[in-house]
Amino acid sequence: SGKTAFVYGTQALIVMIFTVTFAAFNTVYNASVVKKESAKYPMNVQNSILYAAGFSVNLLSYIVSKRHGDKPFFYGYNNLNVIVLLFLNSTVGITISMVYKYGDAVLK
């Protein structure tokens, strides 16, 4: 009859709304910080600091959450498709920082 049921519960809807709102706020805030701070530091320095901080937080999270008997860290990374995907995703951060610096947050 063309009717569809709402599959997700109210809690899931609230989490989705919060996530979208939080991401939108952070996009605008990050754009303003990058534009303001870009006069002080070159984009390469900003990206290096960002990636170093991300690496540190993720490494710490991995070390804390690792359990005995877990598979090795690079398990499953021997596939060319995975390597290409990782490379392409690594360029997203640099691309977004250029959009923030030279474009407007709405472009993202």
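Worth saying up front: this structure is predicted, and the values here are computed from it rather than measured. (Residues numbered from 1 in each chain as written. Predicted model: local features only at pLDDT ≥ 70, side-chain atom pairs only at ≥ 80, totals over all residues. Heavy atoms only, no water.)

### Quick word on the overall build of the protein
Each helix and strand in the protein was counted, giving 3 helices and 0 strands. Walking the protein from its N terminus toward its C terminus, one meets helices and strands in the order α-α-α. Across the 108 residues that make up the protein, the buried fraction comes to 10%. Here the contacts in the protein between residues at least 6 apart in sequence split such that 65% fall between residues at least 24 apart. (Helix = DSSP H or I, 4+ residues; strand = E, 2+ residues; numbered from the N terminus. Buried < 20%, exposed > 50% of the residue type's maximum accessible area, 1.4 Å probe, protein only. Contact = heavy atoms within 4.5 Å.)

### Focus on the confidence of the model for the protein
Put simply, the protein has an average pLDDT of 82, and 90% of its residues get 70 or more. Ranking the elements of the protein by mean pLDDT puts helix α3 (residues 80-102) last, at 83, and helix α2 (residues 43-65) first, at 86. (pLDDT = per-residue confidence, 0-100.)

### Describing the packing of aromatic side chains
Taken as a whole and judged by the stated rule, the model has 5 aromatic pairs. Between F25 and Y29 the ring centres are 6.1 Å apart and the planes differ by 10°, which places this aromatic pair in the stacked class. Linking F25 with Y29, this pair stays in helix α1 (residues 10-37), spanning 4 residues, or about one helical turn. We classify F25 as exposed; its relative accessible area is 54%. In textbook terms, an aromatic cluster arises when at least three aromatic residues are bridged by ring pairs, as seen for Y62, F73, F74 and Y77. (Phe/Tyr/Trp six-rings, centres within 6.5 Å; stacked < 30°, edge-to-face > 60°.)

### So, α3
Taking 1.5 Å of rise per residue, the 23 residues of α3 would be expected to cover 33 Å, and the 33 Å separating its terminal C-alpha atoms lies within 8% of that figure. The distance from a side-chain oxygen at the start of α3 to the backbone nitrogen of N81 is 3.0 Å, and the residue carrying that oxygen is N79. (Expected span 1.5 Å × (residues − 1). Polar contact = N/O pair within 3.5 Å; in protein donor to acceptor, adjacent residues only side chain to side chain.)

### Describing the environment of Q46
On the secondary structure map, Q46 appears in helix α2. Relative accessible area serves as the criterion here: at 18%, Q46 is assigned to the buried category. When the C-alpha atoms of Q46 and S97 are compared, they prove to be 9.0 Å apart, with 51 residues separating the residues in sequence.

### Considerations on the environment of A31
Looking at the secondary structure, you find A31 in helix α1. Take A31: its relative accessible area is 7%, and that puts it in the buried class.

### Side note on the side chain of T27
Mapping T27 onto the fold places it in helix α1. A distance of 2.8 Å separates a polar atom in the side chain of T27 from the backbone oxygen of A23.

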